[in-house]
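Residue-level listing of the chains:
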There are 2 protein chains.
Amino acid sequence: MNNKKPLILVTNDDGITAPGIRTLVEVMKEIGDVVVVAPDSPQSGMGHAITISDTLFCEQVVIKESYKHKEYSCSGTPADCVKIATQEILHRKPDLCVSGINHGSNSSINVIYSGTMSAAVEAGIEGIPAIGFSLLDYSLNADFEPTRKYIKSITRNVLKNGLPKGVVLNVNFPKLSAEEIKGIKVCRQANAHWEEEFDKRTNPQGREYYWLTGTFVNKDEGNDTDEKALEEGYVSVVPVQFDLTAHQFIKDLSSWPLND
Amino acid sequence: MNNKKPLILVTNDDGITAPGIRTLVEVMKEIGDVVVVAPDSPQSGMGHAITISDTLFCEQVVIKESYKHKEYSCSGTPADCVKIATQEILHRKPDLCVSGINHGSNSSINVIYSGTMSAAVEAGIEGIPAIGFSLLDYSLNADFEPTRKYIKSITRNVLKNGLPKGVVLNVNFPKLSAEEIKGIKVCRQANAHWEEEFDKRTNPQGREYYWLTGTFVNKDEGNDTDEKALEEGYVSVVPVQFDLTAHQFIKDLSSWPLND
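Residues numbered from 1 in each chain as written. Chains lettered and ligands numbered in written order. Predicted model: local features only at pLDDT ≥ 70, side-chain atom pairs only at ≥ 80, totals over all residues. Heavy atoms only, no water.

## Examining the UniProt feature "binding site: a divalent metal cation" (unreviewed entry) in chain A
All names here are of chain A. Mapped onto the present numbering, the UniProt feature "binding site: a divalent metal cation" (unreviewed entry) falls on D13, D14, S44 and N102. In three dimensions, the annotated residues from a span of 90 residues occupy one location, with a maximal C-alpha spread of 9.0 Å. Tracing the sequence through the fold places D14 in the loop between β1 (7–11) and α1 (19–29). When near neighbours in sequence (up to four residues on either side) are disregarded, D14 contacts S41, P42, S44, I101, N102 and H103. (UniProt positions renumbered as here; feature names shortened; annotations may be inferred. Helix = DSSP H or I, 4+ residues; strand = E, 2+ residues; numbered from the N terminus. Contact = heavy atoms within 4.5 Å.)

Structural data, given as structure tokens:
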């Protein structure tokens, strides 16, 4: 048996000082050797953005004097953090990358817009087992305590079994107390979407501008979705892939007279 | 037969004045009624970012006096452009959304980082048939002429047949002359990735910074990939989905002792 501790890269999209990543760091310190490389400012809604037309700063920082592990603050996106961690800081692939705990949901279609999940996906692309964790509570003083035992269980299972090539995990926690959470459910991404509303205003110079707002609409009635599991008080775990090919449509599409 | 012209939303990620979108606008004007809503500045590598913590400006602009159609320049990302177009400008779903023509490849794993494709995916999420077009030539004076006839063919096929729910098309053109292009091939996304290198420098104040660079590595030897088709001189068409669930792994994952 290999008793060497796993090397765990921790990142997020709410920024390196966010309470969510602090909980994740504490939990990961019980499991392995931790290195943190996280954005210096909030990156919510950044999707899988990378910084290709600007410079990147990435510097060691001390968040708590008592910490023995190293932490780095990066001016880029979550995906940038994973890239720079692997290439410039660790100089090797970590055994695991965890991202979060996000302040807010990344279930259903939110996975597409999620900076948290983009870090996990980026790690997956680089062949690193990866998990994104999110809590359905946007507040800065959200209670992350009930998530600890589930994070440990899921992380230990991933370290033990590995993940198939091209797959990472998207874990979402309901906003419930430890007693109220019913357990973990493996699910599929619900087929839901946002109905946008733009709040139109006029700035002091008379120029019109907008704030993006919206309502989450879930018409997916399946019993096997992440939304359903969360509604019922479960922790949802969705395996996520980054081969976006709609393989089931290739045959039909090939029969179209595209070359005529 | 319905002779009403289709309403076509045109967007991109290189910005509203980029030569690529200008070619796409010209081609679409031959097919339908065009409205352009595109970013006011380049948004390459933005992935599926959306603007949730900042204001959005979106104003009508005149790019060419001779144009009869309307064009809007937006301060946000490509995904923002599609949202604001549908909600605030068109006040209805267009019959088609086309994005591009991107200056540079969006084949293989690039689809994940692509602003061009995020606009198409955003339209798909909203139930609008959508296509992203990209040319494997990053230069501003790239020759988009050879792409015209293929764009027309693919667009007319999509308008005629529609696309399945949850699927959009990712079209890439090889950097070849009209005579050299061999035709269109339907493909899957090649399983390739970028090997990052960071170019480390020191700024005038003595602070270290990085430029992200990298090498594209394709170890996928399949004959049915977009990379292979492009290499052989074909236009690649990959159907892309935004249900990211790795359905094939759900059964195995469900057998893990996550709740123990």
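Moving on from the coordinates now.
## Focus on helix α5 (residues 148–161) of chain A
Residues and elements named next belong to chain A. Relative to the 20 Å expected for 14 residues at 1.5 Å per residue, α5 spans 20 Å between its end C-alpha atoms, a close match to the ideal helical length. Regarding α5, the residues found buried are Y150, I151, S153, I154, T155, N157 and V158. Residues of α5 that are buried make contact with α1, β5 (96–103), β6 (130–135), β7 (167–173), β8 (183–186) and β11 (234–241). Count one or two residues on from α5 and you reach G162, which has phi positive near 70°. (Expected span 1.5 Å × (residues − 1). Buried < 20%, exposed > 50% of the residue type's maximum accessible area, 1.4 Å probe, protein only.)

## Thoughts on the side chain of S153(A)
Within the secondary structure layout, S153(A) lies in helix α5. The contacts of S153(A), once residues within four sequence positions are left out, are I184(A), P257(B) and L258(B).

## Describing the interface of chain A and chain B
Listed as interface residues are 79 residues of chain A and, on the opposing side, 79 residues of chain B. Sorting the residues of chain A by area buried against chain B places Y210(A), L244(A) and L258(A) first, and these three jointly supply 10% of that buried surface. Joining chain A to chain B, the criterion identifies four salt bridges. Close ionic contact of E59(A) with R207(B) constitutes a salt bridge, the shortest N to O distance being 2.8 Å. At the boundary of chain A and chain B, one finds 28 residue pairs in polar contact (both at pLDDT 80 or more). Its residues placed into classes, the side of chain A that touches chain B shows 41 nonpolar, 23 polar and 15 charged. (Buried area = accessible area lost by both parts, 1.4 Å probe. Salt bridge = Lys/Arg side-chain N within 4 Å of Asp/Glu carboxyl O. Polar contact = N/O pair within 3.5 Å; in protein donor to acceptor, adjacent residues only side chain to side chain. Nonpolar A, V, L, I, M, F, W, Y, C, P; charged D, E, K, R; others polar.)

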